[in-house]
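Here is what each chain is made of, one letter per residue.
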Amino acid sequence: MKFIKQDFIVPFSYYTYFTEGLFKPDNLLFKDLIEADGEKGKRKLLVVIDSGVNDKHPQLQQEIFDYVQQFPHVFELVTAPVVVPGGEPSKNDESLVHYLLKEVEEYGICRHSYMVVIGGGAVLDMAGYVAAIAHRGVRLIRIPTTVLSQNDSGVGVKNGINAFEKKNFIGTFRPPYAVINDMEFLTTLRMRDWRAGIAEAIKVALIKDKKFFDLIRKNVTLLVNRDKEMMQKLIYRCADLKHIAGGDPFENGSSRPLDFGHWSAHKLESLTAYKLRHGEAVAIGMALDVTYSYLVGLLPENEWEKILDLIQNLGFKIYVPQLDETFDAQSSNTVLSGLNEFREHLGGELTIMLIESIGKGIEVNHIDISVMKEAIDILKEREEVKLMV
Ligand SMILES: NC(=O)c1ccc[n+]([C@@H]2O[C@H](COP(=O)([O-])OP(=O)(O)OC[C@H]3O[C@@H](n4cnc5c(N)ncnc54)[C@H](O)[C@@H]3O)[C@@H](O)[C@H]2O)c1
Ligand SMILES: [Zn+2]
């Protein structure tokens, strides 16, 4: 037998920066970052903005324009920023991918140019996918504008869109060139979007860091009252805990520790026609999996109570009717089918993260459906009690 083996290692590294007022004239972070790339001459920038951000920050386009003008030797803004629909619709409309690809082609964006994407997790995922496939990869600078994208989605390596009513069915693993978190964007978020990102922080705390869980618990009131400093702390710690170095960045294994609470969350998002935000669905998904963990004897009752209290005190729902409508593992239209879809998405054996104590995740390869059903009933009852008081 003849064969040729190709063997190589590709090192990746990128930074996530934290700032305020990124495009204010005296903030040199963006200019310095681009200037340090070793290229000669002007770098082309194609800027994409989430419509939700564009509406709430009407001065942003002018600020970017003025900023770029200040450094004509560094930047060439190839066209006015392209505004795309914000939120999940951007991942559900494949024509947007083609539209942005066309912009890349028309303005001659090459592998040494930059796509600069400003927006929530959904727009970052969609436009990041474009950056990954155009010319097999142009440089992507993510500027996340929601809590969730600043502490979780924007700092990772995944891009993608939804297809066949399945979340993230099409996508790539591709590290960004850099990520820049600008706290100022968060001031204009709707309350539900401010809250939604906290779910991902609870997620990492539950599987990895009890101290972080206690910090969130102690500061619920500040978080609910939109305290900037507290939120900044939460985002930094959460993003730091998402650290992928040494892990399995391209998900070659079957295990996805950071997808705790996500098997049902992804399914709930599509079952509710994306009326639930990703973070809101994750809050329900975690409530479900910690309740299951408690019922199968993994998690002590007092810790289970603490977790559900925290989720509810932050204002998250822990139950929606789609959780138990037509509860049937065989149908593709139920939450339970999310288990199989989750396995299929990752490949290999079903691997679900549960927790055995706050801060300590544990993986299992089997889920007892009748116990899961009981967990749903408990959440339903608890949500009803909450609504009554
Ligand atoms: N790639 C990953 O690793 C990863 C990880 C987690 C989640 N995600 C994805 O992220 C998406 C959710 O992202 P999200 O929670 O950021 O929500 P989102 O992107 O759906 O945005 C929610 C809403 O907020 C608006 N918005 C964004 N920034 C704003 C601002 N500064 N002020 C006012 N409004 C603003 C948007 O226009 C939209 O209407 C989901 O599609 C989820 O699958 C991806
Ligand atoms: Zn998530």
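Just so it is clear, the structure is predicted and the values come from calculations on it, not from any experiment. Counting starts from 1 at the beginning of each chain's written sequence and moves along it residue by residue. Chains carry letters from A onward and ligands carry numbers from 1 onward, assigned in written order. Side-chain atom pairs in this predicted model are given and counted only at pLDDT of 80 or more, local residue features only at pLDDT of at least 70, and totals for whole chains, interfaces and linings cover all residues. Only hydrogens and water are set aside; all other atoms, that is, all heavy atoms of the structure, feed into the side-chain values.

Honestly, the site of ligand 1 in this entry has me stumped. Any pointers?
If even one non-hydrogen atom of a residue comes within 4 Å of a molecule or strand, that residue is called near it. Ligand 1 sits among 27 residues. The nearest are D50, E88, G121, T146 and K167. Polar contacts here mean pairs of N or O atoms no more than 3.5 Å apart (in protein, one a potential hydrogen donor and the other a potential acceptor; neighbouring residues in sequence count only if both atoms are side-chain atoms). Note that a nitrogen atom of ligand 1 is positioned 2.8 Å from one of the side-chain N or O atoms of T188. Across the complex, the protein chains shield 93% of the 870 Å² of accessible surface that ligand 1 would expose by itself. Strands here mean DSSP runs of E at least two residues long; helices mean DSSP runs of H or I at least four residues long; both are numbered from the N terminus. Where the shell around ligand 1 is concerned, the elements lending two or more residues are helix 2 (51-56), helix 6 (121-133) and helix 8 (191-208). In terms of residue class, the shell around ligand 1 is made up of 5 nonpolar, 10 polar and 12 charged. Accessible surface area values rest on a Shrake-Rupley calculation with a 1.4 Å probe, where residue burial reflects the displayed protein chains alone. Ten residues, namely Ala, Val, Leu, Ile, Met, Phe, Trp, Tyr, Cys and Pro, are considered nonpolar, four, namely Asp, Glu, Lys and Arg, are considered charged, and the remaining ones, Gly among them, are considered polar.

Looking at this structure, how should I read the coordination of the zinc ion (ligand 2)?
A four-donor tetrahedral metal ideally has 109.5 degree angles, and a six-donor octahedral metal ideally has angles of 90 or 180 degrees. In this structure, E200 (OE), H262 (NE2) and H278 (NE2) serve as the protein donors to the zinc ion (ligand 2), at separations of 2.0 to 2.1 Å. Water is absent from the atoms considered, so a metal site may look incomplete; donors are defined as N, O and S atoms within 2.8 Å of the metal, or 3.2 Å for Na, K and Ca. Each donor residue of the zinc ion (ligand 2) belongs to the same chain, with the gaps between them written as E-x61-H-x15-H. Here the residue H262 occupies a position in helix 12 (residues 262-271), and H278 occupies one in helix 13 (residues 278-295), the gap between them amounting to 16 residues. By the burial criterion, H262 is buried, and H278 matches it. Here the term buried applies to any residue with accessible area under 20% of the maximum for its type, exposed to any over 50%, and partly exposed to those in between, with areas from a 1.4 Å probe on protein chains only.

Honestly, helix 16 (residues 369-388) in this entry has me stumped. Any pointers?
Working note: α-helix, 3.6 residues per turn, so residues spaced by three or four point in the same direction. Multiply 1.5 Å by the residue count of a helix minus one, and that product is the helix's expected span. Given a rise of 1.5 Å per residue, 20 residues ought to cover 28 Å, and the 29 Å separating the end C-alpha atoms of helix 16 matches this to within 8%. Within helix 16, the full set of buried residues consists of V371, M372, A375, I376, L379, R382 and E383. Looking straight down helix 16, one finds that the buried residues subtend no more than 150° of arc, so they occupy a single side. In helix 16, the exposed positions that point more than 90 degrees away from the buried face belong to S370, E381 and M388. Considering only its buried residues, helix 16 is in contact with helix 12, helix 13 and helix 14 (301-313). This arc is built from the directions going out from the helix axis to the C-beta atoms. Should any heavy atoms of two residues lie within 4.5 Å, those residues are counted as being in contact.

I keep staring at the pairing of strand 6 (residues 139-144) and nothing clicks. Help me out?
Note on strand geometry: in a regular strand, side chains alternate between the two faces of the sheet. A large share of strand 6 lies buried, amounting to 6 of its 6 residues. Both faces of strand 6 are covered, namely the face carrying R139, I141 and I143 and the face carrying L140, R142 and P144. One ladder, built from 6 bridges, connects strand 5 (residues 114-119) with strand 6; its direction is parallel. The residue of strand 6 that forms the bridge with G119 is P144. Two elements, strand 6 and strand 9 (residues 178-182), share 2 bridges in a ladder whose sense is parallel. The residue bridging R142 from the neighbouring strand is V179, located in strand 9. Paired strands, as defined in this entry, are two strands with at least two bridges between them according to DSSP.

Would you take a moment to explain the side chain of R195 for this structure?
By secondary structure assignment, the location of R195 is in helix 8. One buried charged residue, R195, forms no salt bridge at all, with the nearest opposite charge on E280 at 5.3 Å. We treat Lys and Arg as the positive residues and Asp and Glu as the negative residues; His and chain ends play no part in the count. Each salt bridge in this description consists of a side-chain nitrogen of Lys or Arg and a carboxyl oxygen of Asp or Glu lying within 4 Å of one another.

Help me understand the pattern of salt bridges in this model?
Close approach of charged atoms allows side chains with opposite charge to pair. Tallying each qualifying case throughout the model produces 27 salt bridges. One salt bridge connects K31 with D32, and the closest N-O pair in it is separated by 3.3 Å. One salt bridge connects D37 with R139, and the closest N-O pair in it is separated by 3.4 Å. Note that D37 is positioned in the loop between helix 1 (29-35) and strand 2 (43-50) and R139 in strand 6, a separation of 102 residues in sequence. Each member of the pair, D37 together with R139, is buried. A single network of salt bridges, built from pairs that share partners, joins D37, E39, R43 and R139.

Would you mind showing me how to read the nonpolar core here?
Note on terminology: a nonpolar core comprises buried Ala, Val, Leu, Ile, Met, Phe, Trp, Tyr and Cys residues joined through side-chain atoms within 4.5 Å. Core analysis: the largest hydrophobic core is formed by 69 residues, its most contacted members being L206, I216 and M231. Among all residues touching I216, those that are not within four sequence positions of it are I198, A201, I202, A205, L223, L234 and L310. Membership of the second largest hydrophobic core comes to 26 residues, among which are L29, V47, I49 and F75.

I keep staring at the environment of W304 and nothing clicks. Help me out?
In this fold, W304 is placed in helix 14. Every residue in contact with W304, bar those within four places of it in the chain, is listed here: V290, T291, Y294, L299, I378 and R382. In terms of polar contacts, W304 uses its side chain to reach the side chain of T291, at 3.0 Å.

Looking at this model, I keep getting lost on the pairing of strand 10 (residues 352-357). Mind explaining?
Both strand 10 and strand 11 (residues 360-364) contribute to a ladder of 5 bridges, which runs antiparallel. What sits directly across from I352, in strand 11, is V364. Taking the residues between adjacent antiparallel strands as the criterion, strand 10 and strand 11 are bridged by 2 residues, where G359 takes a positive phi near 100°.

Please clarify how helix 5 (residues 94-106) should be interpreted in this entry.
Here helix 5 is 13 residues long and its end C-alpha atoms lie 19 Å apart, about the 18 Å a rise of 1.5 Å per residue gives. Looking only at helix 5, the buried set comprises L96, V97, L100, E103 and V104. Take helix 5 and look down its axis: the buried residues cluster within an arc of 120°, on one side only. Facing away from the buried side of helix 5 by over 90 degrees, the exposed positions are H98 and E105. Check the buried side of helix 5 and you find it contacts strand 2, strand 4 (82-84), helix 4 (89-92), strand 5, helix 6 and strand 7 (158-163). Looking one or two residues beyond helix 5, the residue adopting positive phi is G108, at roughly 65°.

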